[in-house]
Protein chains: 2
Amino acid sequence: MSVKAQVLYDFPAEPGNNELSVQEGEILTVTNQNVGGGWVEARNSRGNVGLVPEDYIEVKNTLIICFVFDFTSLYRALDEIGTFSLFRFSKTPNPEVYLLTKSIAKGNDKLPIYAGEVGPVWLYPQIQLDCVVADPKKGSKMYGLKSYIEYQITPNTTNRPVNHRYKHFDWLYERLVEKFACALPIPCLPDKQVTGRFEEEFIQMRMERLQGWMSRMCRHPVISNSDVFQLFLNYRDEKEWKLGKRKTEKDEIVGVKIFSTIDPELPELDPGQVEQKYEMYSQFTRSMDNSVKELLAVGHLHWKRCTGPLQKEYRQIGKAFQNLSSVFNTSAYPTLSATGKTYEEIAELVAGQPKKDLHFLMETNNEYKGLLGCFPDTVAVHKAAIDKVKEADHLVTMNKVSQQDKHIMEKNLSTMSYALQAEMNHFHSNRIYDYNRLMQFYLEEQVKFYETIAEKLKKALGQYTTI
Amino acid sequence: MSVKAQVLYDFPAEPGNNELSVQEGEILTVTNQNVGGGWVEARNSRGNVGLVPEDYIEVKNTLIICFVFDFTSLYRALDEIGTFSLFRFSKTPNPEVYLLTKSIAKGNDKLPIYAGEVGPVWLYPQIQLDCVVADPKKGSKMYGLKSYIEYQITPNTTNRPVNHRYKHFDWLYERLVEKFACALPIPCLPDKQVTGRFEEEFIQMRMERLQGWMSRMCRHPVISNSDVFQLFLNYRDEKEWKLGKRKTEKDEIVGVKIFSTIDPELPELDPGQVEQKYEMYSQFTRSMDNSVKELLAVGHLHWKRCTGPLQKEYRQIGKAFQNLSSVFNTSAYPTLSATGKTYEEIAELVAGQPKKDLHFLMETNNEYKGLLGCFPDTVAVHKAAIDKVKEADHLVTMNKVSQQDKHIMEKNLSTMSYALQAEMNHFHSNRIYDYNRLMQFYLEEQVKFYETIAEKLKKALGQYTTI
C-alpha cells in the first residue's frame, strides 16, 4: 500500500541537499519512511522525489479506530506506521490493565515514594545527575547525501563525553514517553525546525534548548535513574549503544504498567482523597499553563516592539537631534550631536536587550509551557482511573465486580495518586528554583539596562555648559 | 450685503453658552462680526442663530484683487472687512514705497543697529524686560451671555499687574504684525482653541503658552521697547488703555515703512553682499524649520507610544507576573507579585514621562516652528527688495531711473539687510540659549526617569532570596 501524506506547512528545499520543496495542502506519496533524522522521502504529483521533514507532513491513512485497553499496544501500533507523534494521547490510555494488577515490580525496577517535608516525594539520588551539551560538529551520512549535526554530551558522573545526533535525542524522548508518560509529563524536545538548520544561530539555539531539556531530565529522579537514560549518557561504544537500544525497545514495563513498579511506603488513600488531589493539581496546571502562555504572549509582543518600532523610534529621535545639530553647525553645537548619537546608541540597547534578558524569560517559560502541555494527558490517565474505580463501586452493588477486585483497584488508584503527588512535588520544587533564578536574572539584566541608559544620558548631559 | 461664510471645521456648541453647532462645509450667514473675542454671530440654513469661533469659518466674499504698493493699505482694507488673519501675507508687501524714501525717522522712533561681537545687532536695553502671566480668572460680558478668561500680567519693570483677555493679546499681536512683520518675524499667538476652553487643563496650557509668547516678545529689544508693547504692559487705567489703543491704531509707521526708522551705524553693503546674506539666512531658516518639524513629528509619535501601546505593554507585563504569582500562591510567591506591581508602576512612569520632559521639548520646538513659519514672509520682503534694486540697475542703463535714485535704493537695501542681520543674530542668540536650556532640562528629566526605573527594579530584585 502506498502511504499518502498531506503537507501541513510550506517547506522550501535547500539547494543541493536532496530536498523537495512542498506547499501547504499538497498531497505527497511517501516513498521511504526509514530515512531517519526527522526526514521522509516523498514524491509529489509531478513525479519529483526528495526529502521532506516528517513534521511538515501528516500521513493520511491515520484514522484508526482502536478500542485498546493497553496503551502500549496503541503506541506500538501507531509507532509502526510512523505516525507516533501525531497520535500521541489522541485517546487517553485506559488504566484498567493496571488497576487490576496485583503484583509489584521488584529490585531495580521498583520506584519508591517517601513522605517528604512537602508530602509524598520520589527517591532522590545523593548526587544530582547533570550533563553538558556542547561542541556541535557537522557530520554526514548516505555517502554525503545528508548532513547532520552531532552534539557532545558529558555527564557529571563519568565526565566521559558521548556523541548524539538530534535523531538520538528523539529516540530517547520517544522511549521516555512510551515508558513514563502515563505517570510523568515528558516535555517535548525542542522544535524540529528544519530550514536553515546549519546556520550558526540555529545550531546554538538548538544546543541551548537540548541542554535545557537534558538538564531537566537529569534533575528528575525517576528519569535520570532509568536504564534508557543511563544508556544514552554512559554507553562506551557503538556495540553497547546498539545492544542497549535493542534491549530498551523490548521493555515491557511501559504505558500504564509503569504504575505497577511504584511502591509508595505510605498509608493508602481513599478514592475521595484521590479525587480531591486530582482536582487540585488539574486546576493548578491549567492556571499555570494560562499564566505562562500570557507571559509568553506579552513577552513576544514586547520583544517585537523593542526590536521593531521602539528601536526605530529611538533612532529617529537620535537622527532628529543630529539633524538639528547639523543645522546649528554654523554656530557649533557638538553637544546636541552627541545627544543624538546617544539616542542612537539607546536604540541599539533597546533592540539588543531582549536577547539579554527576555530571551531567558521566554526560554524558561517555553520549557514550562511544554511541560505543562503534557500534564493534561498525564492527569487524564488519573481521571480515567478515578472513573473506573467509581464504576467498579457501582458494579460491586450489582455483583459484577468482587469486593476483592474493588479493593485492589482502590489500592492501585491510591498508588497512582501518590505517583501524581510525588511528581507534582517534584514539579513545584523545580518551579520554585527555576522562577526564582529566572526572575533574579531578568531583573538584574533589566536594572543594568536602565542604569546603562541613565549613565549614557548623564554623559550626554555633562557635555552641555551650565547656563 | 449679507456676508456668507463657509465652515472649515466641525464645531460642537457648548450647551447654555449661546453657541451654534456647525459642520465642516456648511454655509453660514454672518449676522454680527463685531461680537469680539474671536467670535462671530451667524445663522445657519435652518435659521438658527448663535456664536461661532471666527477661526472655524472662512468668509466667502474674500477674493479681492489688489494692486497696492502700500502694504499698510492692504492690511487696513482687509482689516475693515474682518478677514485680516486669513489674508496676511498672501501677497508679499511691496518694498518699493520704502526703497525710494530719503528721510530717516528721528528721536524715539529711531531703531539703531550696532556692530556687536557676532555682527550687526539691535540696541539691547540695560535691564531685560520680562513679565509673569498668571492667575487666570473667569469674567463675563454681554449681560452674562458670554464668558471669558482674564489673565494677570506683571512686568518686572513696574511690578504692577495689568489684566488682559486673550482678545487683547490678539489685538497686540495684530498691531505688532502690522508695524513690524516686514522686518521682524512675529510668532503667532497660541492656538485659539475653542472647545473645552474653560477646562482647567486648557486654561493652564494657554496661560503657559501666552507666558512663552510674552517672554519671547519681552526679550526682543525692538518689540519690548515699542509704544504698543509698553502700553499693553504698563497702562494704568481703562482710560489710558483706550486712548493708547486709539493712538496706536493710527500709527503710520507700519508695513515696509518700518525700515525707514532703522539706522545702521555701519558701512553700506553692496547689493551682492546683501543677496549673499539673504541666501544664507533663507537656507538656514528653511533647514531649521525642517529639523524642528522632524523633531516634533518624532516627539509626537514617541508621546503617543509612551502613553499608548508602551504603557499598555508594561501594564500587561506587570499583570502577567502578578497572574503567575497568584497561581503560585499556594507556595507563596509575594516577590513575584511585587515584581508585577513594579512593572505596573513602570507603565505609569512611562506614560507620565512625556508630560515631564517631552512636553517642554515639544512646546519649545512648537514655538520655534511658529517663529520659523514667519521667516519666509519676512525674508520674502527682502527678496522683493533685492529684485527691485536689480531691476533699477537695468532701468538706469535705459535712463528710466536716475543714478541718484538707484543709489538711494541701494543704501536702503543695505539698511534692510542690516535689519535682517540684526534680527538673525537676535534669533541665534535666543536659539542657543533656548536649546541649551531645553536639552539640559530634557536630559536631566530623562536621566531621572531611567534612574527611577532602575531603582524600582533593584528594589523588586532585592526581594528575591539568593539561591
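Quantities reported herein were computed from a predicted structural model and do not represent experimental measurements.

### Details of the interface of chain B and chain A
Of the residues lining the interface, 55 residues belong to chain B; the matching set on chain A comes to 55 residues. Measuring nitrogen to oxygen at the nearest pair gives 2.8 Å for the salt bridge that ties Lys458 of chain B to Glu451 of chain A. Linking chain B to chain A there are 12 residue pairs in polar contact (both at pLDDT 80 or more). Within the residue set of the side of chain B that touches chain A, elements represented by two or more residues are helix H9 (271-327), helix H10 (334-356) and helix H12 (403-462) of chain B. When residues in the side of chain B that touches chain A are grouped by element, the largest group, 23 residues, is from H9 of chain B. Along the lines of polarity and charge, the residues of the side of chain B that touches chain A split into 34 nonpolar, 12 polar and 9 charged.

### Concerning the sheet that holds strand S7 (residues 119-122) of chain B
Residues and elements named next belong to chain B. One open sheet accounts for 3 strands, arranged S7-S6-S11; its pairing is mixed. Looking along the sheet, the strands with just one partner apiece sit at the ends: S7 and strand S11 (262-264). When the angles between neighbouring strand axes are averaged without regard to direction, this sheet yields 30°. Pairing between strand S6 (residues 111-116) and S7: 4 bridges, direction antiparallel. Bridging from a neighbouring strand, Tyr114 pairs with Val121 of S7. Each of S6, S7 and S11 is contacted by H12, which is oriented at about 80° to S7, the strand it contacts most.

### Concerning the pattern of salt bridges
The final tally for this structure, using the stated rule, is 46 salt bridges over all chains. With a closest N to O distance of 3.4 Å, Asp263 of chain B and Lys110 of chain B form a salt bridge. Of this pair, Asp263 of chain B sits in strand S11 while Lys110 of chain B sits in the loop between helix H3 (96-99) and S6, and the two are 153 residues apart along the sequence. Salt bridges sharing partners connect three or more residues here, namely Arg216, Arg219, Glu367 and Asp434 of chain A.

### What to know about the nonpolar core
Ranked by size, the top nonpolar core spans 215 residues in total, and within it Met214, Phe259 and Met288 of chain A together with Met214, Phe259 and Met288 of chain B carry the most contacts. Sequence-distant contacts of Met214 of chain A, defined by excluding residues within four places in its chain, comprise Cys131, Val133, Ile153, Phe169, Leu172, Phe229, Phe232 and Leu233 of chain A.

### Quick look at the relation of the copies chain B and chain A
Take chain B, turn it by 180°, move it 0.1 Å along the axis, and it overlays chain A with an RMSD of 0.1 Å. In symmetry terms, the pair is related by a two-fold rotation axis. Ranked by how close their C-alpha atoms come to the rotation axis, the residues of chain B are headed by Tyr450 of chain B, at 2.7 Å. Both copies share a contact surface, since 100% of the interface residues of chain B are interface residues in chain A too.

Rules used in this analysis
- Residues numbered from 1 in each chain as written.
- Chains lettered and ligands numbered in written order.
- Predicted model: local features only at pLDDT ≥ 70, side-chain atom pairs only at ≥ 80, totals over all residues.
- Heavy atoms only, no water.
- Contact = heavy atoms within 4.5 Å.
- Salt bridge = Lys/Arg side-chain N within 4 Å of Asp/Glu carboxyl O.
- Polar contact = N/O pair within 3.5 Å; in protein donor to acceptor, adjacent residues only side chain to side chain.
- Helix = DSSP H or I, 4+ residues; strand = E, 2+ residues; numbered from the N terminus.
- Nonpolar A, V, L, I, M, F, W, Y, C, P; charged D, E, K, R; others polar.
- Pairing = 2+ DSSP bridges.
- Axes fitted to C-alpha atoms, helices over the stretch in contact; angles between N-to-C directions.
- Core = buried A, V, L, I, M, F, W, Y, C linked by side-chain atoms within 4.5 Å.
- Buried < 20%, exposed > 50% of the residue type's maximum accessible area, 1.4 Å probe, protein only.
- Least-squares fit on C-alpha atoms with pLDDT ≥ 70 in both.

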